[in-house]
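Given next are the chains, with one letter for each unit.
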Amino acid sequence: MAAVRTSSEVAFNRIAIAAVLVATLIFLAPIYWIASTAFKPKELAVSVPPTVLFQPEVTPFIRLFTKRVQMQKPVDPQVYEAAPWWEKRIYDGGERVLKVGKDVQLSQYPDRFMNSLIVAVISTVLAVGMGTFTAYGFSRFKIAGEADLLFFILSTRMLPPVVVAIPMFLMYRMVGLNDSHIGLIILYVAFNLSFSVWLMKGFMDEIPKEYEEAALVDGYTRMQAFFKIVLPEAATGIAATAVFCFITAWNEYAFALIMTNRRAQTAPPFIPSQIGSGLPDWTTIAAGTFLFLLPVAIFTFLLRNHLLRGVTFGAIRK
Amino acid sequence: MASVALTNLDPASRAAARGWSDLTIRNLFIIPTLVFLIVFNIFPLIYSLGYSFTNFAANRSEPWQFVGLQNYRELLSDDHIWSNFVITAKYVIVSVAGQMVVGFGLALLLNRSFPMKGLITTLLLLPMMMSAAVVGLFWQLLYSPSWGPINYVFGLGDFAWLSNPDSALYAVAITDIWMWSPFVMLLSLAGLSAVPQHLYEAAAIDRAGWWYTFTRITLPLVSPILLIALIFRTMEAFKTFDIAYTMTTQPTAELIAIRLYKQAFQQWDTGKSCALAYIVLIMVLAITNLYVKYLNKVKER
């Protein structure tokens, strides 16, 4: 009986679905604009009216990865003919690729991207590793003042980054950790650890205690039971937690801006610093942004069933 | 029996005799994390509490002096700081209200079955997963008065969203609403799907109208989770730094976190900025406390 629907309900349903589609297009428009600008010829990025359809090209990425001398006259024909295809593309646009001897000079972008990768991966491994052990401890053992300890752990996550960064900057300066990978990794572990503990505790609580009991009866030690029974059961949870921690560390801006300036600088503070003064080259910025956002977009799809848990620190599950 | 034994292992049992004791394992698993957090989060805060009573400046080598509560007194009577708090309050109200309305609205629309619902939900969640600093930077192009697609689509001519003192803060808030409405949507969807279907059937049998059903069944049952979204977003919006910092330099959009950053790392007024950090910290902890309280309440249900 409940399945019977009036025609007005059907109509309302259709309108709602149409509205959802329109909203989705609006929400995706800025992301489409980043992705499309990354493949636009320079002049189309700032055209009036804005260009939606165009012949895509890769010159923004070439400009992103090479050091350039801007707005130089085309070089002499022989040099032009001898150049590889991607250099010609840049020459065609009236710019020069900076070369020292025979080697093309890379821009700083690949370095900054690698810094982001190093810092995010190492800090994720450490935060998830420690978080998994701690979550198991909180999930299975009796701990005096457990609720208070968990609140303490969560509250460290809520500290505003700039507030923590002031004393950390001074302490790092004393021990020489400013502008170092290790310094940034420590900060990101500290930041992600509370999240990792809370999320993993939710996953641990869902693993039936009976599994370990059976193992203990079979003669396993508690540690063996943890490594051979609990960890494999928690694999999905560990993977989801790791992806969340990675994304947080990958996206982090304030600590990276304050603590690094050259050697260990990650992509988030680097990309805005490239805007400089005068007329910014939006296609190159879009190319850098596009490559930087791509991993996160892929991970979001992998994580889709765990997003709710992730954004609420494991407090609300589906 | 066994389940009792696991949480509170009898020391004489066979399992306890093998390998490390549960007490050792528990300490081994928990203490390193607690020590790490204390060393890298709590200790720095104690350190900066000390500096907040001095006139220390990190870029000068002169010895600092103890100034007592002077930093706090100056800050609390500084009109500039108060205007930063007012700007932050405006920003929090506009952006969180926008996120609640758009997010809950989207959730109501999505709360039905249709083809590719999963894909569309995931696509809608993309903005909040991305780096606020980097995406915020790109919104400068979207808002651009000369070639921005936003002004073109809405026919706004050369309205300078980000360099107009009156609109800069709201332009940042709009971007924040775009980023974080999906968060509210995600939580609201979880709340909506938990409303027992039989309540709606009963309302339909009673020929209750749409508005009546919405205000008497949907809202009361979803409100706890909406409240969680509200408090969480309020806390995050209060701390906002990156998105506003990369989007605009307008003084009218100088949130308290940006003020704090400038005072500490551009003016190098370290002692005073430690004091300001403490004022901000106390406010954040108050909201956090509220958040955890409601989180526990919802968990218990």
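Relevant structure appears above.
The rules behind these values
Residues numbered from 1 in each chain as written. Chains lettered and ligands numbered in written order. Predicted model: local features only at pLDDT ≥ 70, side-chain atom pairs only at ≥ 80, totals over all residues. Heavy atoms only, no water. Helix = DSSP H or I, 4+ residues; strand = E, 2+ residues; numbered from the N terminus. Rg over C-alpha atoms; globule rule 2.2 N^0.38 Å. Buried < 20%, exposed > 50% of the residue type's maximum accessible area, 1.4 Å probe, protein only. Areas by Shrake-Rupley, 256 points an atom, 1.4 Å probe, with all protein chains shown as cover. Expected span 1.5 Å × (residues − 1). Contact = heavy atoms within 4.5 Å. Buried area = accessible area lost by both parts, 1.4 Å probe. Salt bridge = Lys/Arg side-chain N within 4 Å of Asp/Glu carboxyl O. Polar contact = N/O pair within 3.5 Å; in protein donor to acceptor, adjacent residues only side chain to side chain. Nonpolar A, V, L, I, M, F, W, Y, C, P; charged D, E, K, R; others polar. Axes fitted to C-alpha atoms, helices over the stretch in contact; angles between N-to-C directions. Parallel < 35°, antiparallel > 145°, perpendicular 65-115°, else oblique. Left-handed = near helix turned anticlockwise from the far one by under 90°. Arc of directions from axis to C-beta. Patch = residues over 30% accessible without salt bridge, like charges linked within 9 Å, V, L, I, M, F, W, Y side chains within 5 Å.

S.K.: Sorry, what's going on with the overall build of chain B here?
M.R.: Summing up its helical and strand segments, chain B has 14 helices and zero strands in all. The order of helices and strands in chain B, counted from the N terminus, is α-α-α-α-α-α-α-α-α-α-α-α-α-α. For chain B, whose C-alpha radius of gyration is 25 Å, the value lies well above the compact-globule estimate of 19 Å for 301 residues. Taken along its principal axes, the extent of the C-alpha atoms in chain B is 75 × 70 × 30 Å. Within chain B, the proportion of its 301 residues that are buried is 52%. Entry remark: accessible area of chain B is about 13900 Å², with carbon and sulfur atoms responsible for 65%.

S.K.: What am I meant to see in the overall build of chain A here?
M.R.: Summing up its helical and strand segments, chain A has 16 helices and four strands in all. Out of the 318 residues in chain A, the part that is buried amounts to 53%. Surface accessibility of chain A: about 14200 Å² in total, with carbon and sulfur atoms responsible for 64%.

S.K.: Honestly, helix α6 (residues 117–129) of chain B in this entry has me stumped. Any pointers?
M.R.: Two residues of an α-helix separated by three or four positions point the same way, owing to the 3.6 residues in each turn. In this model α6(B) runs 19 Å from its N-terminal to its C-terminal C-alpha over 13 residues, within 8% of the 18 Å that 1.5 Å per residue would give. In terms of burial, α6(B) is largely enclosed, as 10 of its 13 residues are buried. Among all positions in α6(B), only B:Ile120, B:Thr121, B:Thr122, B:Leu123, B:Leu124, B:Leu125, B:Leu126, B:Pro127, B:Met128 and B:Met129 are buried. Looking at the packing, one finds that the buried side of α6(B) touches α1 (7–37), α12 (235–251), α15 (282–303) and α16 (307–311) of chain A together with α5 (79–110) and α9 (168–193) of chain B.

S.K.: I keep staring at the interface of chain A and chain B and nothing clicks. Help me out?
M.R.: Contacts between the two partners involve 103 residues from chain A and, on the opposite side, 100 residues from chain B. Regarding the contact of chain A and chain B, the summed buried area is about 9300 Å², with carbon and sulfur atoms giving 83% of it. Our enumeration of links across chain A and chain B arrives at one salt bridge. There are 10 residue pairs in polar contact (both at pLDDT 80 or more) connecting chain A and chain B. Ranked by residues supplied to the side of chain A that touches chain B, first place goes to α1(A) with 17 residues. Of the residues contributing to the side of chain A that touches chain B, the split by class is 81 nonpolar, 14 polar and eight charged.

S.K.: What am I meant to see in the pattern of salt bridges here?
M.R.: For side chains of opposite charge, pairing can occur when their charged atoms come near one another. Residue and element names in this part refer to chain A. Inspection of every chain in the model, using the stated rule, returns 11 salt bridges over all chains. For Glu206, the salt bridge is made with Arg309, and the minimal N-O distance between the two is 2.9 Å. Taken together, the positions of Glu206 in helix α9 (residues 181–206) and Arg309 in helix α16 put the pair 103 residues apart, joining distant regions of the chain. The class of Glu206 is partly exposed, set by a relative accessible area of 41%. The partner of Arg222 in a salt bridge is Glu212, with the nearest N and O atoms 3.5 Å apart. Of this pair, Arg222 sits in helix α11 (residues 222–233) while Glu212 is found in helix α10 (residues 209–217), placing the two residues 10 residues apart along the sequence.

S.K.: Mind showing me how you'd approach unusual backbone geometry here?
M.R.: The backbone of B:Met116 shows a phi angle near 65°, a positive value even though the residue is not glycine. Even without being glycine, B:Arg207 reaches a positive phi, approximately 55°.

S.K.: Sorry, what's going on with the packing of α9(A) against helix α3 (residues 22–51) of chain B here?
M.R.: Two numbers describe a pair of packed helices, the interaxial angle and the distance between the axes. Closest axis-to-axis distance for the α9(A)/α3(B) pair is 10 Å, and the angle between their directions is 135°. Comparing the axis directions of α9(A) and α3(B) gives the class oblique. The two elements α9(A) and α3(B) meet at a crossing, and its hand is left-handed. Every residue of α3(B) that contacts α9(A) at A:Ile186, A:Val189, A:Ala190, A:Leu193 and A:Val197 is listed here: B:Thr33, B:Phe36, B:Leu37, B:Phe40 and B:Asn41. Looking at side-chain class alone, the contact of α9(A) with α3(B) contains eight nonpolar, two polar and no charged residues.

S.K.: Is there a simple way to think about α10(A) in this case?
M.R.: Residue and element names in this part refer to chain A. Among all positions of α10, only Glu212, Glu213, Ala215 and Leu216 are buried. Taken around the axis of α10, the buried residues stretch over an arc of 160°, which confines them to a single face. Downstream of α10 by one or two residues, Gly219 has phi in the positive range, about 100°.

S.K.: Where do I start with a nonpolar patch on the surface in this structure?
M.R.: Residue and element names in this part refer to chain A. A cluster of nonpolar side chains, contributed by Met114, Leu117, Ile118, Val121, Ile122, Val125 and Leu126, occupies part of the molecular surface with about 540 Å² of accessible area. For Leu117, the position within the fold is in helix α6 (residues 109–140). Under the relative-accessibility criterion, Leu117 is labelled partly exposed at 31%.

S.K.: Is there a simple way to explain the environment of B:Leu108 in this structure?
M.R.: All names here are of chain B. One can find Leu108 in helix α5. Given a relative accessible area of 26%, Leu108 falls into the partly exposed group. Each C-alpha atom of the pair Leu108 and Phe56 lies 53 Å from the other, and the pair is 52 residues apart in sequence. Setting aside its immediate chain neighbours within four residues, Leu108 contacts Leu192 and Phe214.

S.K.: Can you help me understand the environment of A:Leu159 in this one?
M.R.: Among the structural elements, A:Leu159 can be located in the loop between α7 (146–158) and α8 (161–175). In the structure, A:Leu159 is positioned 49 residues away from A:Pro110 in sequence and 31 Å away in space, judged by C-alpha atoms. Not counting residues within four places of it along the chain, the set of residues in contact with A:Leu159 comprises A:Val164, B:Asn41, B:Leu45, B:Lys239 and B:Leu281.

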